[in-house]
Amino acid sequence: VQLQASGGGLVQAGGSLRLSCGASGRTFTGYKFGWFRQAPGKEREFVAVIRWNGGMTNYADSLKGRFTITRDITKNTVYLQINNLEPEDTAVYYCAASARTIQSQIRVPSSYEHWGQGTQVTVSS
């Protein structure tokens, strides 16, 4: 499984970005795809997850409302729309995929087998 994250950049506070995660290497029936982020000096933080089948989503409680995760099964791509960006959103954003993680572990980075390279999001105030 290969994951390619893109779409990051430098934006002003209040702006929006859409991150993309292109997936390849197999069919993804039964997979969960997650977005995580890691700011300098901080641990990797769960952002959102989506089930490939059915599209059920789950979000970090503190980020609900500004972040939206979606997927396009025809393009094998998962998206993360971020609105009303804040300087605190500055981080490297990673996409991850797992065929094995269980519901209680979907927010735990170590439960994901596959990771993309990350895309930098920088928000200026």
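Above this text is the structure in question.
Please read all numbers here as calculations on a predicted model, not as lab measurements. (Residues numbered from 1 in each chain as written. Predicted model: local features only at pLDDT ≥ 70, side-chain atom pairs only at ≥ 80, totals over all residues. Heavy atoms only, no water.)

Asker: Help me understand the overall build of the protein, please; the structure alone is not making it clear to me.
Answerer: Tallying secondary structure elements over the protein gives zero helices and eleven strands in all. Starting at the N terminus and walking to the C terminus, you meet the elements of the protein as β-β-β-β-β-β-β-β-β-β-β. A compact globule built from 125 residues would reach a C-alpha radius of gyration of about 14 Å, and the protein, at 13 Å, matches this within 12%. Among the 125 residues that make up the protein, the fraction classed as buried is 42%. Restricting to contacts in the protein with at least 6 residues of sequence separation, those with at least 24 account for 56%. Here the protein has roughly 6,300 Å² of accessible surface; of this, 47% comes from carbon and sulfur atoms. (Helix = DSSP H or I, 4+ residues; strand = E, 2+ residues; numbered from the N terminus. Rg over C-alpha atoms; globule rule 2.2 N^0.38 Å. Buried < 20%, exposed > 50% of the residue type's maximum accessible area, 1.4 Å probe, protein only. Contact = heavy atoms within 4.5 Å. Areas by Shrake-Rupley, 256 points an atom, 1.4 Å probe, with all protein chains shown as cover.)

Asker: What is the right way to look at the packing of aromatic side chains in this model?
Answerer: A ring pair, where both rings are aromatic, is described by two values, the distance of the centres and the angle of the planes. Overall, the coordinates contain ten aromatic pairs when judged by the stated rule. On the numbers, 6.3 Å between centres and 35 degrees between planes, the contact of Y31 with F33 is tilted. No difference in accessibility class separates Y31 from F33, as the two residues are buried. Ring centres of Y112 and W115 lie 6.3 Å apart, and the angle between their planes is 65 degrees; on these two criteria the pair is classed as edge-to-face. Assessed through its relative accessible area of 28%, W115 is described here as partly exposed. Taken together, the ring pairs in this structure connect F36, F46, Y94, Y112 and W115 into an aromatic cluster. For the cation-ring pair, R18 lies above Y79, with the distance from its terminal atom to the ring centre recorded as 4.1 Å. Across the ring face of Y94, the terminal group of R44 is positioned such that the distance to the ring centre comes to 3.8 Å. (Phe/Tyr/Trp six-rings, centres within 6.5 Å; stacked < 30°, edge-to-face > 60°. Lys NZ or Arg CZ within 6 Å of the ring centre and 35° of its normal.)

Asker: Got a minute to help me understand the side chain of K32 in this structure?
Answerer: Along the chain, K32 turns up in strand 4 (residues 32-38). At 8.9 Å, E113 is the nearest oppositely charged side chain to K32, a buried residue that forms no salt bridge. Polar contacts involving the side chain of K32 include one to the main-chain carbonyl oxygen of T101, which spans 2.9 Å. Once residues lying within four places of it in the same chain are set aside, the contact partners of K32 are V49, I50, R51, A96, A97, S98, T101, Q103, I106 and Y112. (Lys, Arg positive; Asp, Glu negative; His and termini not counted. Salt bridge = Lys/Arg side-chain N within 4 Å of Asp/Glu carboxyl O. Polar contact = N/O pair within 3.5 Å; in protein donor to acceptor, adjacent residues only side chain to side chain.)

Asker: In this structure, what is going on with the nonpolar core? I would like to understand it.
Answerer: What tends to happen in soluble globular proteins is that the nonpolar side chains get buried as a cluster. Judged by nonpolar contacts, the single largest core of 37 residues is most densely connected at F33, W35, L80 and Y93. For this core, the secondary structure elements donating two or more residues are strand 1 (2-6), strand 3 (17-24), strand 4, strand 5 (45-51), strand 7 (67-72), strand 8 (77-82), strand 9 (91-98) and strand 11 (119-124). If we skip the residues at most four places from it in the chain, Y93 touches L19, W35, F36, R37, V47, F67, L80, I82, G118, T119 and V121. (Core = buried A, V, L, I, M, F, W, Y, C linked by side-chain atoms within 4.5 Å.)

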